[in-house]
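Remarks on the overall topology
Next come the chains, spelled out residue by residue.
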Amino acid sequence: MLTQDQLKLAVAKKALEFVPDDCIIGVGTGSTVNLFIEELATIKGRIRGAVSSSEASTARLKAHHIPVYDLNEVDQLPVYVDGADEINHYLHMIKGGGAALTREKIIASVAQQFVCITDESKYVTMLGHFPLPIEVIPMARSYVARELVRLGGHPELRQGVVTDNGNLILDVHGLEIQKPVELEEAINHLVGVVTCGLFARRRADVLLLGRQSGVEVIR
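Residues numbered from 1 in each chain as written. Predicted model: local features only at pLDDT ≥ 70, side-chain atom pairs only at ≥ 80, totals over all residues. Heavy atoms only, no water.

**Regarding helix α5 (residues 141-150)**
Residues spaced three or four apart along an α-helix face the same direction, because each turn holds 3.6 residues. Condition: To sort residues, take the accessible area from a 1.4 Å probe on protein chains only and compare it with the maximum for the residue type: under 20% means buried, over 50% means exposed, and anything in between is partly exposed. Secondary structure follows DSSP: runs of H or I at least 4 residues long count as helices, runs of E at least 2 residues long count as strands, and numbering of each begins at the N terminus. Note: the arc covers the axis-to-C-beta directions of the helix. Whether two residues are in contact is decided by their heavy atoms, any of which lying within 4.5 Å being enough.
Buried within α5 are the following residues: Val144, Ala145, Glu147 and Leu148. End-on, the buried residues of α5 take up no more than an arc of 165°, which puts them together on one face. Within α5, the exposed residues directed more than 90 degrees away from the buried face are Arg146 and Arg150. Residues of α5 that are buried in the fold lie against β8 (132-136), β9 (154-157), β10 (168-173), α6 (180-188) and β11 (193-196). Once α5 finishes, glycine 152 follows within two positions and takes phi at roughly 100°, a positive value.

Have a look at this one:
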């Protein structure tokens, strides 16, 4: 019986197969991505460097002497590797448990291919059991929270958390997300929302799913 950490390590290793030579790649945030960065360090001579979605990942990349670029310096990213808090069979995701959702979404939108790495506990038929993170401008917190209640959710301020962009996170509980694309657009249209943690319009292209039977590649 493989542990969750062993499943995460298996998908982190598998993700190296999706990293082209002599390129700059996008790197996400989180426990599974941390393992990917460790694996990436073993082939760092093959790549030019990375664009990172968080200060934490940037520090980890630099510790391995992997060059980190500002996204504004990069014309294209052939691949972006990141995890998910939940992912469904259509490869729509909930992300933002690590509060890096805005930068993650920006990098994902630039990448030609989004490779999601996760273990089977995150693979669901319907999104919403994991609370949906929303990054909000501080002065809009109460207004956005009221609007989220109208959408059927129960928002809670994530205590003691300020994003790398200087904003707040509302975690929305109690949602059964049957139409992820529509809900993503509705929330993102609320004034004061920076972005929501639904990655449906820009879903994953490939899911590397760690199972007891091995890594399943889902497209």
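**Overview of empty space enclosed by the protein**
Note the cut-off: In this analysis, the protein atoms alone were mapped onto a 1 Å grid. Cavities are point sets where a 1.4 Å probe fits without being able to get out; pockets are open sets with protein on both sides within 12 Å along at least five of seven lines; lining residues have an atom within 4 Å of a point. Grid points are joined across faces, edges and corners, and a volume is the space filled by probe spheres set on the points. Residue type decides the class: Asp, Glu, Lys and Arg count as charged, Ala, Val, Leu, Ile, Met, Phe, Trp, Tyr, Cys and Pro as nonpolar, and the leftover types, Gly among them, as polar.
In the structure shown here, the tally under the stated rule is 1 cavity of 30 Å³ or more. Here the largest cavity defines a volume of roughly 30 Å³. Taken together, Leu148, Leu151, Gly153, Val172, Leu175, Leu183 and Ile187 make up the lining of the largest cavity. Here the residues of the lining of the largest cavity sort into 6 nonpolar, 1 polar and no charged.

**A few points about helix α3 (residues 55-63)**
Taken together, the buried positions of α3 are occupied by Ser57, Thr58 and Leu61. When α3 is viewed along its axis, its buried side chains cluster within an angular range of 105° and face the same direction. Exposed side of α3, more than 90 degrees from the buried face: Ala56 and Ala63 are the residues found there. Looking at the packing, one finds that the buried side of α3 touches β1 (24-27), α2 (31-40), β2 (49-52) and β3 (68-69).

**Let's talk about the pattern of salt bridges**
Selection rule: Whenever Lys or Arg places a side-chain nitrogen within 4 Å of a carboxyl oxygen from Asp or Glu, that contact is recorded as a salt bridge.
The full count for this structure, using the stated rule, is 14 salt bridges. For lysine 14, the salt bridge identified is with glutamate 17, shortest N-O distance 3.1 Å. Judged by relative accessible area, which is 24%, lysine 14 ranks as partly exposed. Here arginine 103 ties to glutamate 55 by a salt bridge, and the two come within 3.2 Å at their closest N and O atoms. Note that arginine 103 is positioned in helix α4 (residues 101-110) and glutamate 55 in helix α3, a separation of 48 residues in sequence. One salt-bridge network, in which partners are shared between bridges, spans Asp82, Lys95 and Glu104.

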